[in-house]
Amino acid sequence: IIWFYQQRYRHLATLAAAFLAMGFAFVVYEFELLTWPAEINIPANALYVITVTLACSATFERKGIEVPWALFAAIIGAGAMPFSWYLFIEPSTTARILSTSGIFMAVTALTLASLVRQKDRSLADRLFEGGVALAFVIALVRPTLVLVGWLDIQSPTGFSGSEYWTSIRAFTPLLSFIVALLFIVGIGLDTIWYLKNQADRDFLTNLLNRRGFETKGNEALQRDFANSRQPAVLIADIDDFKRVNDSFGHQVGDAVIAAVAKVMARHGGAMLAGRIGGEELDRKS
């Protein structure tokens, strides 16, 4: 629902798909749908893997980072092979738990490593990093408890009544709620940043306006002086711009301004690019 009203946040659609997959996983397992062989529910396990992968993918999309689908697929494939072996060849519940947990740990570790490498991380970014780190810790701790014998995987009623599955039923909804809350808080922080950024941008060119350029320029100057770097400023003007407006109209003039701004932003190699002149100044220059 949030994504429907905030469609500029494309990562929310991926996150919604992750929660949907998790919901289907619980339904498939609780109602014992497609259970084969014995008590083992392969579709439910696959849906849990899809859930974690999609949730991690959403954090990549939020930051505008390309999702490493090939790496994710390789991780899942590497985990699926021992899972299949210990399902059909040498049945072992413990080994299958380690296989799926290994997938979760690898996917979350790859995601966390990519996020922390990003520069200028905001509070919202750190919240997401904390959520991914929490998922990694849970994926690590639960199989560890199984290996040391503190978490049983069998019970008189079978695997579904074991301490291990009970812990999944108890902690997975809690973890999902925490992840959802982190994303909701992140939406709020991202919206505040978006509005502030819009206030510092020129509506025509999307370059920094005078206020935004002076604010960020002063910050950049302070950093340069603190690091003993020599800053430089280049001021450009569009020659005979009034003739463009008079000959072709203001709509074409606006297109020229936007085209020049795009060249400056993409090819100037500058730390900051701004439009410090007003509309009338541009049209008279």
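Above this text you will find the structure in question.
Everything numeric in this text was worked out from a predicted model, so none of it was measured.

Draft legend 1. Broad picture of unusual backbone geometry. Positive phi outside glycine occurs at Asn206, with the angle close to 65°. Here Asn206 is to be found in the loop between helix H7 (163–199) and helix H8 (210–226). Look at Asp240: it is not a glycine, yet its phi comes out positive at around 50°. The topology assignment puts Asp240 in the loop between H8 and helix H9 (241–248).

Draft legend 2. Spatial organisation of the packing of aromatic side chains. Tallied over the full model, the rule gives 7 aromatic pairs. Ring centres of Phe60 and Phe72 lie 6.0 Å apart, and the angle between their planes is 80°; this geometry places the pair in the edge-to-face category. Of this pair, Phe60 sits in helix H3 (residues 42–62) while Phe72 sits in helix H4 (residues 69–89), and the two are 12 residues apart along the sequence. Under the relative-accessibility criterion, Phe60 is labelled buried at 1%. An aromatic cluster is defined as three or more aromatic residues linked by ring pairs; in this entry it consists of Phe26, Tyr29, Tyr48 and Trp165.

Draft legend 3. Focus on the environment of Gln198. Note that Gln198 resides in helix H7. The class for Gln198 is partly exposed, based on a relative accessible area of 38%. Along the backbone, Gln198 and Leu208 are 10 residues apart, and their C-alpha atoms lie at a distance of 9.1 Å.

Draft legend 4. Inspection of the pattern of salt bridges at higher detail. On inspection of all chains with the given rule, the structure shows 8 salt bridges. Among the salt bridges present, the one from Arg211 reaches Asp200, with a minimum N-O distance of 2.9 Å. With Arg211 in helix H8 and Asp200 in the loop between H7 and H8, the pair connects residues that are 11 residues apart, well separated along the chain. When its relative accessible area of 7% is taken as the criterion, Asp200 is described as buried. Via salt bridges that share partners, Arg62, Lys63 and Asp125 belong to a single interconnected network.

Draft legend 5. Up close: the side chain of Ser114. Considering the arrangement of structural elements, one finds Ser114 in helix H5 (residues 93–116). A polar side-chain atom of Ser114 sits 3.0 Å from the main-chain carbonyl oxygen of Leu110.

Draft legend 6. Structural detail: empty space enclosed by the protein. Taken as a whole and judged by the stated rule, the model has 1 cavity of 30 Å³ or more. If you add up the space inside the largest cavity, you get close to 60 Å³. If you trace the largest cavity, you find it lined by Thr59, Arg62, Lys63, Leu115, Gln118, Arg121, Asp125, Phe128 and Glu129. Of all elements in the fold, only H3 and helix H6 (123–147) reach the threshold of two or more residues within the lining of the largest cavity.

Draft legend 7. Here's a closer look at the nonpolar core. Tyr48, Phe72, Val107, Ile153, Phe159, Tyr164 and Trp165 are the most contacted members of the largest nonpolar core, which totals 28 residues. Elements with a minimum of two residues in this core: helix H2 (11–30), H3, H4, H5, H6 and H7. With near-sequence residues (within four places) excluded, Ile153 lies in contact with Thr93, Thr94, Ile97, Val146, Phe159, Ser162 and Tyr164.

Draft legend 8. How the structure looks around the environment of Ile97. One can find Ile97 in helix H5. Ile97 gets classed as buried once you look at its relative accessible area, which sits at 5%. Spatially, the C-alpha atom of Ile97 lies 64 Å from that of Val252, the residues being 155 residues apart in sequence. Excluding anything up to four places from it in sequence, Ile97 contacts Pro143, Ile153, Phe159 and Tyr164.

The rules behind these values
- Residues numbered from 1 in each chain as written.
- Predicted model: local features only at pLDDT ≥ 70, side-chain atom pairs only at ≥ 80, totals over all residues.
- Heavy atoms only, no water.
- Helix = DSSP H or I, 4+ residues; strand = E, 2+ residues; numbered from the N terminus.
- Phe/Tyr/Trp six-rings, centres within 6.5 Å; stacked < 30°, edge-to-face > 60°.
- Buried < 20%, exposed > 50% of the residue type's maximum accessible area, 1.4 Å probe, protein only.
- Salt bridge = Lys/Arg side-chain N within 4 Å of Asp/Glu carboxyl O.
- Polar contact = N/O pair within 3.5 Å; in protein donor to acceptor, adjacent residues only side chain to side chain.
- 1 Å grid on protein atoms, 1.4 Å probe; cavity = no way out; pocket = protein on both sides within 12 Å on 5 of 7 lines; lining within 4 Å.
- Points joined across faces, edges and corners; volume = space filled by probe spheres on them.
- Core = buried A, V, L, I, M, F, W, Y, C linked by side-chain atoms within 4.5 Å.
- Contact = heavy atoms within 4.5 Å.

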